Structure formats: structure tokens, C-alpha cells
Amino acid sequence: MRTESKLLPLGFIVVMLLVLSAGKGIAQHALLPELNISALDFKHIQYKTEQFDWAKAYWVQIRSIADEAVNDSSAIELPLRGGNWGHYYVDPEEGKPMKPGKYLGNWHWEHHNQDGTKTYYGVDSIVSKDYDGVLILTQVHAAWATRFCALSFAYRMTGNTQYLKRAVQILEAYAKVYTRIPFHNKAGGNDFMYETGVGRVSSQALDESVWLIKILQGASLIWTDLSAEQHTNIEKNFLFPAVDMIQHCFNLGIHNISNWYNAAVGMTGYLTSNPALVDWALHEKNRGLQYQLQKGFTADGHWYENAPAYHFYALKPMILLAESAKNNGDTSFLAGLKKALDAPLELMMPDMNLPRINDSREVYLPAFKGYYEYGYSRFKNQDYLPVLTHGRNFNGGTETVKKIGNDFDVFDFSLLYREPLPATAPAFIFRNRHLNNSGLDILYQGEGKTAVWLLAKYDINHPSKGWHTHPDALNFVLYGSGSQISIDPGTAEYGAASHVGWDKTSVAHNSLVINQQNQSFKGSESLSFGKTKGVSYSFTQTDSAYKGVSHTRGYILADNSTVLIADWITAPASDTIDIAYHQRGNWKIKETGRQWQVPDIKGYQFLKEASITVSDTSHLFSTAIAQKEIVTGINATQPVQLIEAMGIGPDFEPVPCVIARCRGAKLFVLWSIRLDGSSDKIRFEILDQNSKPKIKVYCHGKVLLLDPAGKCAIE
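Below is a short write-up of the structure. Please read all numbers here as calculations on a predicted model, not as lab measurements.

Cut-offs applied
Residues numbered from 1 in each chain as written. Predicted model: local features only at pLDDT ≥ 70, side-chain atom pairs only at ≥ 80, totals over all residues. Heavy atoms only, no water. Buried < 20%, exposed > 50% of the residue type's maximum accessible area, 1.4 Å probe, protein only. Helix = DSSP H or I, 4+ residues; strand = E, 2+ residues; numbered from the N terminus. Polar contact = N/O pair within 3.5 Å; in protein donor to acceptor, adjacent residues only side chain to side chain. Pairing = 2+ DSSP bridges. Axes fitted to C-alpha atoms, helices over the stretch in contact; angles between N-to-C directions. Phe/Tyr/Trp six-rings, centres within 6.5 Å; stacked < 30°, edge-to-face > 60°. Lys NZ or Arg CZ within 6 Å of the ring centre and 35° of its normal. Parallel < 35°, antiparallel > 145°, perpendicular 65-115°, else oblique. Contact = heavy atoms within 4.5 Å. Nonpolar A, V, L, I, M, F, W, Y, C, P; charged D, E, K, R; others polar. Salt bridge = Lys/Arg side-chain N within 4 Å of Asp/Glu carboxyl O.

1. Remarks on helix 9 (residues 275-283)
Stage number 1. With respect to burial, helix 9 is a largely interior element, 8 of its 9 residues being buried.
Stage number 2. Where helix 9 begins, one side-chain oxygen reaches toward the backbone nitrogen of Ala276, 3.1 Å away; that side chain belongs to Asn274.

2. Comments concerning the pairing of strand 21 (residues 654-674)
Stage number 1. Of all 21 residues in strand 21, 17 are buried; the element is thus mostly enclosed.
Stage number 2. Two strands pair when backbone bridges link them, and strand 15 (residues 562-582) and strand 21 are joined in this way by 17 bridges, in the antiparallel orientation. For Asp567, the partnering residue across the bridge sits in strand 21 and is Val669.
Stage number 3. Both strand 20 (residues 628-648) and strand 21 contribute to a ladder of 14 bridges, which runs antiparallel. If you follow Ile648 over to strand 21, its bridge partner there is Pro654.

3. Some points on the sheet that holds strand 9 (residues 475-480)
Stage number 1. Strand order in the open sheet formed by 5 strands is 6-7-8-9-10, and the pairing between neighbours is antiparallel. Taken across any chain shown, the strands that pair with only one partner, and hence form the sheet edges, are strand 6 (433-435) and strand 10 (483-486). Ignoring strand direction, the axes of neighbouring strands in this sheet form an average angle of 15 degrees.
Stage number 2. In terms of strand pairing, strand 7 (residues 440-445) meets strand 8 (residues 452-457) through 6 bridges, oriented antiparallel. Each bridged residue has a counterpart across the sheet, and for Leu443 the counterpart in strand 8 is Leu454.

4. Here's the deal with the packing of aromatic side chains
Stage number 1. Enumeration according to the criterion identifies 38 aromatic pairs in this entry.
Stage number 2. Look at Tyr310 and Tyr313: their rings are 6.0 Å apart centre to centre, the planes differ by 90 degrees, and that puts the pair in the edge-to-face class. A residue pair is termed a helical-turn pair when its members lie 3 or 4 positions apart in one helix, as Tyr310 and Tyr313 do in helix 11 (residues 308-326) at 3 residues.
Stage number 3. For Tyr313, a relative accessible area of 28% corresponds to the partly exposed category.
Stage number 4. Among the aromatic residues, ring-to-ring pairing joins Phe312, Phe368, Tyr371, Tyr372, Tyr374, Phe379, Tyr384, Phe413 and Tyr417 into one connected group.
Stage number 5. Above the plane of the ring of Trp144 lies Arg147, whose end atom (NZ or CZ) is 4.4 Å from the centre.
Stage number 6. Sitting over the face of the ring of Phe413, Lys316 holds its NZ or CZ atom 5.8 Å from the ring centroid.

5. Quick look at the packing of helix 3 (residues 53-71) against helix 4 (residues 131-158)
Any two packed helices are characterised by how steeply their axes cross, that is the angle between the axes, and by the distance between the axes.
Stage number 1. Where helix 3 meets helix 4, the closest approach of the two axes is 8 Å, and the angle between their N-to-C directions is 110 degrees. Judged by the angle between their axes, helix 3 and helix 4 are roughly perpendicular. Where helix 3 abuts helix 4, its residues Trp59, Ile62, Arg63, Ile65, Ala66, Ala69 and Val70 lie against Thr146, Arg147, Ala150, Leu151, Phe153, Ala154, Met157 and Thr158.
Stage number 2. Residues of the contact of helix 3 with helix 4, tallied by class, amount to 11 nonpolar, 2 polar and 2 charged.

6. A short note on unusual backbone geometry
Stage number 1. In this structure, Gln627 is a non-glycine residue whose phi angle is positive, near 65 degrees.
Stage number 2. With respect to the helices and strands, the residue Gln627 is situated in the loop between strand 19 (616-625) and strand 20.
Stage number 3. What makes Gln627 exposed here is its relative accessible area of 85%.
Stage number 4. Positive phi values are uncommon outside glycine, yet Phe652 reaches one of about 65 degrees.
Stage number 5. In this structure, Phe652 sits in the loop between strand 20 and strand 21.
Stage number 6. When its relative accessible area of 22% is taken as the criterion, Phe652 is described as partly exposed.

7. What to know about the sheet that holds strand 24 (residues 702-707)
Stage number 1. With antiparallel pairing, 4 strands are arranged side by side in an open sheet as 22-23-24-25. Looking at strand neighbours, the two that pair on one side only are strand 22 (683-686) and strand 25 (711-714), the edges of this open sheet. Looking at each pair of strands side by side, their axes are set apart by 20 degrees on average, direction ignored.
Stage number 2. Sheet topology note: the strand 22/strand 23 (residues 695-699) ladder contains 4 bridges and is antiparallel. Counted as the bridge partner of Glu685 is Lys696 from strand 23.

8. Considerations on the pattern of salt bridges
Stage number 1. Tallying each qualifying case throughout the model produces 18 salt bridges.
Stage number 2. Across the salt bridge formed by Asp130 and Arg81, the nearest N and O atoms sit 2.6 Å from each other. One end of the pair, Asp130, is in the loop between strand 3 (119-121) and helix 4; the other, Arg81, is in the loop between helix 3 and strand 1 (99-105), and 49 residues separate them in sequence.
Stage number 3. Of the residues examined, Arg81 reaches a relative accessible area of 24% and is grouped as partly exposed.
Stage number 4. A salt bridge links Glu323 to Arg378; the nearest nitrogen and oxygen atoms lie 2.7 Å apart. Here Glu323 is found in helix 11, whereas its partner Arg378 is found in helix 13 (residues 369-379), with 55 residues between them in sequence.

Purely geometric numbers; function is a separate question.
Here it is, written out as C-alpha cells:
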């Protein structure tokens, strides 16, 4: 464990970086402290706040924050202890996020569960229970950063020096205390080589970077109004120590966190006219922005972690740094940003949500409209227009402006980059997509919000597998009849027991589980992808999720209301084969079974109201979603039992879970998911005696020939 700072003297580091950066293309003249808002951009912002109601509303909120900060003439009090990791702020009994309660003084609060029936108190000496530390970050440091940005923005908008004076007081307050706050990390130690490093105002270099970037954005609007003495004080005692710490934390290489480090360091470099810091952020080996754009995205344009929320989380600091570079004459990073903005559109469901695969939370694309306001202003891609049109018309035509809070983003992309849209915009075209570089296939059939959409997820073999990846090879997500039906739980708060205990287990997904243990993080492959006679299909396979087990899965959109999932599994005869499936809604048809004793095994222990049926080769169950019945049938080559229970869906939503269970050595199961509520029998015939036989399926007047080698034919 690190007991004291072992950082090299800052002056030595700066000199060495200046030497190393020579000749790398970083301008040696004074850099511009404009960061992601150029002088021209700000003129556009001023015009928008004068002409458009949505921009006026945003400006009113910004000014109200600034006015409140000016009217509060009290001294700026900052704690001499740092903040804590936000994911620890969960109810220790229910695992759900808590809510701040009464302030008790001396940087201590009451903490309540979501319905306010329980009160907890922080324990400073136990990092996972240091709830006060979380609020020190969110209620104190984040709040001051938001006020500072609002004050700086208001000063630029109005020229009122009262805003400037209060903003400078905040900067100088941090310059006075920043280096007195001890280094600490989210594990409770102070080791810089801990995976997410250390912080001062926070408990990891990631949160420190996110917070520092807001400070830098605000500072960029007032920097030229400060004296040389003020620059020296703020740089020496605040900004340079902060980025020096960030640079010395563990190098994560290709990672969303690295992008925040780069942006914090590079934007500090531009603000303070320090080419060494800029060069480090843009070109540092195995971590700089250039490397992240080249290696962090698949050839399909998706962030390698295959978690849509992290795609945008990784992209935001890239935009901030690339725009700072553009405002200093370097536009070389913009092309990579366009591809990264185009890619999420490929994953969009008909309801404009993205699937919550891996460690992703909800991503409703119109709610992320700011990214596409930026993208449209820079690249004029017509495919962005449906997102922008819907994003500008929330709640039946009334656009929402983000509610004021400690995380209020004064530099919202919509405010910065929004432009007029064409009078008419083409509708977005949904279609089948084979994203083999990302290990994702999308099948699509029908029109509009009632269409059928299925995502097949197969390849999880990446050098950084395991960080934000889930062990769910050959998982799938299904949308149909206007709703998300077969779901992926995504992720909850990382401090919640259900994150590792449920979200990151194989049984929590629509996937294979052997002997009630998680899959290995191994590779899978696409066997085929296509469409024939109106039937869309994808075949995938993994032979390495479990030792000695081979799983081939076919996904077939037979028509506008019928989805077939075909599973061929070979395994040792002693293995217990579970195929887990999660279908949203309330139980409507549920087979009779005896109570099942839930085992104390990771994943399974979160199942509730569990029962198990007798063995049979045919089963049927259904759920009702928004008064629409979804009927699912199971037909197998040998008897299987159904474990029927309640699992956990997105945001702790209770979701019916069905597990088809039997012993090895070979098994074929055909799942038929009927979106129209039909219970018409779908049957199959075995065409050979191979361990993975060819199958003939009779489905609603169609005869489908399914070959596990990856062939789908229609007779």
C-alpha cells in the first residue's frame, strides 16, 4: 500500500514531457483556452438563448444557479477529507440506491432507503459503509463544480463581474485545500496502482477526472480575465497536482476510464497552454485519444465493451477533448467520432431504446439527443434526424430541460451545438444487421413499433473481457408487439449484492448454464446469417463456455408474430443442463409444479417463488405485457423439467424466469415465442441421428429445415 506520494516533482515532469513532445505536432505557440466552446460557438449559444424558448429555459436555469451562488455571501467551506464511490450508496438490506436525509453537521448526514422507512448512518472507517463520503462528493464537490460552471457561463453571457468574483473565489478555495486532501481509493487504501487509481475529492481517478473536467470547462470561460498571479496559484496548487495524480494512476489501456483521464489532462493542457499535457492526452502510447479511437472501437464502430451506456460514457470525453483539439487547429480526431455516433443507431429497437447488454443501463436514444445534436452540427448525417426529432419532442411536444441538481450540465451538448433541422426528415430504416466484428446480429421483421426485433449476442472474447462483460454467450434480447419481451437485466448499482450475484451470472440471461455455474469468458462464433423466403435467421456456436460442452443456437423470425430459438447442446452425461429464459410481464399461464428449494449458488439464490414441474418433452407458459399475452412453448428431444420463478430485470423489475433443465449428453430444444398470444402447436421432426441432428419444423403452415451447421431452408 502507498503510504505517501511518490510522484516526481511537477516541474521535472513538465520539463521532461516538453522534451518528449517535441516534434510530435503539438503547436508550440500559446494554446487557446477555449476547450469545447470556441468564441464562435458561444456567439451561437447567445443567439439561441435570445431566439428559442428551449434555450431560454436552459439559460434561466443556469442563471438561477449563478444568482443563488452570488447571493450566498458566506465563505466557501470545503471538507479536508475526500469523497467516496457512488456505487456504495445502496441500501444494505435491499440493495437499491439510497436517498440523502437530514444534514447532521460536520460532513455527516442521515441516509434513507427509497421509501423512507429506514434510516442508516455512515461509518467512516468502513469504506463500503462510508455513505457520508458519497455525499461529500455528490452534495459538496459536485455542487461547487456546477455552481462554478454556472457562474462562469453567466459572466460570459452578461459581463456581470459579480459572477466572475464568486467563480474566482471557488477556484481559489480549491487551490487552498486541494493538496491537503489525502489520496485515497475506493478499496479504502491509497495505492495508485489500484485498478481505478486514487482521488482527492473522490475515491478514484475516474470521478476526479469527471469532476475536474467541469471545473476546466468553467475555467475556460474566465481564464483570460484572471491575472498571471491567479493563474500561477490555481495551476500550482490545484490543476497541475490533479492531473499529475491522474497521470500516475494505473494505466488501464483501452478503457472508457482512460478517455476521462485523457480529457482531464489534455483540457488542462489547452487551458494552461501546456503542450506536454496535450501531447500526453492525444498521443501517449497505449492510452491516448488517438490510440482509443484506433483500438477501442470494433470495425463496426461499437465500443469494445458492448455495453451501450458505456459506449456513450466513453464517447463523451472523446468529444470534449477532440473539440478542444479542433479549436486549436487539429481536426484529425473527428472522423472517428462520426463512426462512433453512427454505430448505436444499428442497435436501436423500434421503440428507440438500445438493449441493456453487459454492464449497461437504459439508453433511450432521444434522451441522448445531445450527442446527436453535436454529431449533426459536425457531420450532417441524415440518420441522426429521427433521434433529434423525437428528442426535441418529449412528453407530447413539450421538450424537457434537465432538472437542476448537483450534476446539472451547464455545458449540455444540446445547448452548445443544436442547429435547425430540415422541414422534413426521412424515417430511420430498420433492417437485419450482421455485426460480426462486435459479435452481434440483429434480426428485424415488420413495420414500426409493432415490428419484431431480435438481438443475438455471441462473441464475448476480448482482451478486457470480464470488466463490463457478462458471461452470457449466445444470449438474446427480443422486442415485439410494442414492448421489450425477452430481456437482459443490464446492471444495477455496482455496490449492490445483485450486481455480481445476479447481473454478472449466466442464469440471469437468456443463455446456457451447466451445473449451475457461470460460463467461462471464451469466444463464440457466427455460423451464418441471412434471410430466405421472408424468414430471417442467425446461427451461432460456442464450444468453450464450458469444458466438454458444445452449444449451437439458431434464432429464427418465422413471421411477424413467431420467434423460434433452436438449441443444440452436447455435454457429458453427468452434467446438469439449464437453459435460462426471462420473459417480462405477469404470469398468465404457469405450469403446476412443486416448490423448489432455491440453492445458495451465485445467481440462483436471487430467484423467488420457485417451483419445478415434472419432466416432459413439451411445456407451455405465458405472460401478459401491457394486456398482450406472449405465449412460449418448449419442445425437446428428451424430457425436461421447468423451474418457474421470479428473477430480477432492469432496475430491479420482477421478471418471470423459466429454466429448462435436464441431464446431458445431448439435447435439442425448440422454443417458440408467439407474440400474438397464439397457442397453436409448433412441432418438429428429427431428420438424422447425429449428436446435433438436422430438424424439420412445422410452424403456422411453413416447413423450416434447420441444420446446426448454420443452414435455414424453407420447403
